[in-house]
Number of protein chains: 2
Amino acid sequence: MKLAIDAMGGDNAPSEIVKGALLAADKFKNIQFTLVGDQAKIEPLLNNHQQFDILHTTEMIEPTDAPVKAVRKKKNASMVLAIKEVKEGRADAVISAGNTGALMTAGLFGAGRIKGIDRPALAPTLPTINQGQGFLLLDAGSNMDAKPEHLLQYGIMGSIYSEKVLGNDKPRVGLLNIGEEPGKGNQLSKLTYDLLKEAPLNFIGNVEARELLQGAADVVVCDGFSGNLVLKSIEGAAMALFSLIKNELTSSLFSKMIAGLLYPRLKGIKKTMDYSGYGGACLFGLTAPVIKAHGSSNANAIFTTIEQASLIVEKNVVKTIEDLILKINEEWKK
Amino acid sequence: MKLAIDAMGGDNAPSEIVKGALLAADKFKNIQFTLVGDQAKIEPLLNNHQQFDILHTTEMIEPTDAPVKAVRKKKNASMVLAIKEVKEGRADAVISAGNTGALMTAGLFGAGRIKGIDRPALAPTLPTINQGQGFLLLDAGSNMDAKPEHLLQYGIMGSIYSEKVLGNDKPRVGLLNIGEEPGKGNQLSKLTYDLLKEAPLNFIGNVEARELLQGAADVVVCDGFSGNLVLKSIEGAAMALFSLIKNELTSSLFSKMIAGLLYPRLKGIKKTMDYSGYGGACLFGLTAPVIKAHGSSNANAIFTTIEQASLIVEKNVVKTIEDLILKINEEWKK
């Protein structure tokens, strides 16, 4: 198996990216890595490791670059060249911790869509609090004005991933909505409900945003605008609460001392809420796995994302999606 | 001033509703209350208080009732009769802690819309963590498939309320979106951005869900589906975190003892996040103020909601909205 990794994307590139890849290389001897980026910076970190090749480029897409423009203009950017590796068959999957919008654009232009999938979806795994495996949220921001058919396709892609990679038997697919009863929500959610009901999925109906972290579903389907709002709302609420707790616990010497004793436990909570432990966000619907690692990824997060990528390749997730979508489309023609 | 209060709505009705009204009656001698509900249950709590009348009915809308059907069928429900009081000019505002959907329906059917407002909006105030006054979120679930003009109207109504009732000078009006730059988001948010830019408002541009609790804006405008998702996501994340903290802090005797010392502080945090302290959610766009108190309201929350209602009446919020909408519509005709 061969993975192409954008070595220059993310806050801690290239050092943590390379370190993470080295950790993975130790564990997965069957993976060959192509690191795309500045040879002068990457090579010293590698010690001539046999599982690594470097594809040299000094061009990079910055976090602040406008995605479409950057992908069009910076034809030799590390991210764009990494995508080209899968497009031209030299790699099985791509990982980047760089600009999310640019990766979605480069993935769509470079790797292209699976036949029968209208729009790719960005699918992070979010935490659940009951020792769960988290849940897959899709779309979290790729497709702003989605149609019911798109959401049906998200349900199918998410369900396949949840089953094959996360090991959930008959993953529970829920439709993000503002109430549980059928008939709730906006035009999009009402029409999507009817489609999902008839699909070959374990569709459990509407799920409310309030219940997501409790593990209400394994796969939560929504349009990209809503998904992004939910993701950011949860992040914002968690950030706000941690900052309140920190302020309270350091407001006096007495509470500071007590808080010192509790920090390890509070850190555990922070870890539960930190979804980088679940790997990166997959871009589903492309002809090859493209995975967005968190911008702030350290070596461990990159290791986890590589493990995830290798599972997606091993379990043939893309091919399974292709086949099922084809089958469903043929049945609907009858 | 006369307020009509649905004495039978909410988890703690009628006792906490009546207690809250009695607290308010003590402080606001200029308010006359009409409590709508079961006389046999309400009268013993009142001690012949001079500021109170009872409008007797035994019919009630339940929390689980389907809103539209319930409002149509239960013509003598306490909530429906309370709305009738403002409709027929016997009260200046209505408060209910009952079924939200039913209150929106009863308000729309009963009180009717302000001329020039196409759709009413439900507007709760959410907390901000920096000792702020919270921010107004509208619409939080009244209008599922909103158009740009609706969101413009929400901006105007929210800004007037924020200025007149919450005392914000030139309230910062933000558009809920998935990124800060203009041009981000879905079709609705792009078109709304252009409208808000030209409106007589202190429009500060797009605001992201992640920044809301930090006090990114005083008034946050969105469609009802998105607003409800954000509201519920924040609630869900806070609930999840508190439950994690509770589990961690009671997992051993040692941490239990320490936690005991910290509980008062953690309670303070819970209070900061509890938005019932900011009053109820206004239904803007109706010809009279209709306010939804939290279902779980205790006497204090009812007191706060009554104070809020009296300010809305005193500051002539409805009339100000009417005048400004009229003026804007006339200017646009030119």
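On a predicted model such as this, the values are computed, not experimentally measured, just so you know.

What counts and how
Residue positions are counted from 1 within each chain, in the order its sequence is given. The order in which chains are written sets their letters, starting at A; the order in which ligands are written sets their numbers, starting at 1. In keeping with the model being predicted, local features are shown solely for residues with a pLDDT of at least 70 and side-chain atom pairs are shown and tallied solely at 80 or more, while totals for entire chains, interfaces and linings include all residues. As a rule here, side-chain values come from all non-hydrogen atoms in the structure, and water together with hydrogens is ignored. Secondary structure follows DSSP: runs of H or I at least 4 residues long count as helices, runs of E at least 2 residues long count as strands, and numbering of each begins at the N terminus. Burial classification: accessible surface area is computed with a 1.4 Å probe over protein chains only, and a residue below 20% of its type maximum counts as buried, one above 50% as exposed, and the rest as partly exposed. Contact between two residues is taken to exist if any of their heavy atoms lie within 4.5 Å; hydrogens are not considered. When the copies are overlaid, the least-squares fit takes in C-alpha atoms only where the residue has pLDDT of at least 70 in both copies. Fitted lines through C-alpha atoms give the axes, limited to the stretch in contact for helices. The angle between two N-to-C directions lies from 0 to 180 degrees. What makes a crossing left-handed is the near helix being turned counterclockwise from the far one by less than a right angle; a clockwise turn instead makes it right-handed. Note on residue classes: Ala, Val, Leu, Ile, Met, Phe, Trp, Tyr, Cys and Pro are nonpolar, Asp, Glu, Lys and Arg are charged, and everything else, Gly too, is polar. In this analysis, a patch consists of residues with relative accessible area above 30% that form no salt bridge, clustered at 9 Å for like charges and at 5 Å for the nonpolar side chains Val, Leu, Ile, Met, Phe, Trp and Tyr. The protein chains shown are the only cover counted for residues, whose accessible areas, like all others here, come from Shrake-Rupley with a 1.4 Å probe. We define a salt bridge as a side-chain nitrogen of Lys or Arg found within 4 Å of a carboxyl oxygen belonging to Asp or Glu. Aromatic pairs are defined between Phe, Tyr and Trp rings, using the six-membered ring for Trp, whenever the two ring centres lie within 6.5 Å; interplanar angles under 30 degrees are classed as stacked, those over 60 as edge-to-face, and all others as tilted. The set of buried Ala, Val, Leu, Ile, Met, Phe, Trp, Tyr and Cys residues whose side-chain atoms join them within 4.5 Å is what this entry labels a nonpolar core. Note on pairing: two strands pair once DSSP finds at least 2 bridges between them. Domain extents, as shown, originate in an automatic or database domain assignment. The term buried area refers to how much accessible surface (probe radius 1.4 Å) is lost by two components on association, counted for both of them together.

Draft legend 1. How the structure looks around the environment of B:Gly285. Residue and element names in this part refer to chain B. Checked against the element boundaries, Gly-285 lands in the loop between strand S11 (281–284) and strand S12 (290–292). Here Gly-285 falls in the buried class, since its relative accessible area comes to 2%. Along the primary structure Gly-285 and Ile-321 are separated by 36 residues, whereas in three dimensions their C-alpha atoms are 8.0 Å apart. Leaving out residues up to four positions away in the same chain, Gly-285 has contacts with Gly-112, Arg-113, Ile-114, Ile-117 and Met-157.

Draft legend 2. Fine view of the relation of the copies chain A and chain B. With an RMSD of 0.0 Å, the fit of chain A onto chain B corresponds to turning through 180° and sliding 0.0 Å along the axis. Such a turn and shift between the copies fits a two-fold axis. When you check the interface residues of chain A against chain B, 100% turn up at the interface there too, and the contact is symmetric in its surfaces.

Draft legend 3. Just the packing of helix H4 (residues 78–87) of chain A against helix H5 (residues 100–110) of chain A, in detail. Residues and elements named next belong to chain A. As a packed pair, H4 and H5 sit with axes 9 Å apart at the nearest point and diverge in direction by 30°. Pair H4 / H5 crosses with right-handed handedness. When H4 is examined against H5, the residues Met-79, Ile-83 and Lys-87 are found in contact with a partner set consisting of Ala-102, Leu-103, Ala-106, Gly-107 and Gly-110. The class makeup of the residues in the contact of H4 with H5 is 5 nonpolar, 2 polar and 1 charged.

Draft legend 4. Representation of a nonpolar patch on the surface within the structure. Where nonpolar side chains cluster on the molecular surface, the patch consists of A:Val68, A:Leu108 and A:Phe109 and spans about 240 Å² of accessible area. Among the structural elements, A:Val68 can be located in helix H3 (residues 67–73).

Draft legend 5. Representation of the packing of aromatic side chains in the model. Residue and element names in this part refer to chain A. On inspection of all chains with the given rule, the structure shows 8 aromatic pairs over all chains. Relative to Phe-52, the ring of Phe-33 lies with its centre 4.8 Å away and its plane at 10°, an arrangement referred to as stacked. Within this pair, whereas Phe-33 is found in strand S2 (residues 32–37), its partner Phe-52 is found in strand S3 (residues 52–56), the two being separated by 19 residues in sequence. The class for Phe-52 is buried, based on a relative accessible area of 8%.

Draft legend 6. Main features of the nonpolar core. Residues A:Leu137, A:Leu176, A:Val220, B:Leu137, B:Leu176 and B:Val220 are the most contacted members of the largest nonpolar core, which totals 68 residues. Listed by contribution, the elements that provide at least two residues to this core are strand S7 (135–138), helix H8 (224–249) and helix H9 (253–273) of chain A together with strand S7 (135–138), helix H8 (224–249) and helix H9 (253–273) of chain B. The contacts of A:Leu176, once residues within four sequence positions are left out, are A:Val207, A:Ala209, A:Leu212, A:Val220, A:Val221, A:Cys222, A:Ser226, A:Val230, B:Phe225 and B:Leu229.

Draft legend 7. Structural context of the sheet that holds strand S3 (residues 52–56) of chain B. All names here are of chain B. In spatial order, the strands read S3-S2-S1-S4-S12-S11-S5; together these 7 strands make up an open sheet with mixed pairing. The open sheet has two free edges, formed respectively by S3 and strand S5 (121–123), since each of these has just one partner strand. When strand polarity is set aside, the average angle formed by the axes of neighbouring strands in this sheet is 25°. Of the strand pairs in this sheet, strand S1 (residues 2–6) and strand S2 (residues 32–37) are connected by 5 bridges, and their pairing is parallel. Across the sheet, the residue bridging to Lys-2 is Gln-32, located in S2. Each of S1, S2 and S3 is contacted by helix H1 (residues 15–27), which is oriented at about 175° to S2, the strand it contacts most.

Draft legend 8. Quick peek at the domain arrangement of chain A. All names here are of chain A. In terms of domain boundaries, chain A breaks down into domain 1 (1–117 + 285–334) and domain 2 (119–279). A straight line from the C-alpha centre of domain 1 to that of domain 2 covers 24 Å. Contacts between the two partners involve 22 residues from domain 1 and, on the opposite side, 20 residues from domain 2. Buried surface at the junction of domain 1 and domain 2, both sides included, amounts to about 1,900 Å², of which 79% is carbon and sulfur.

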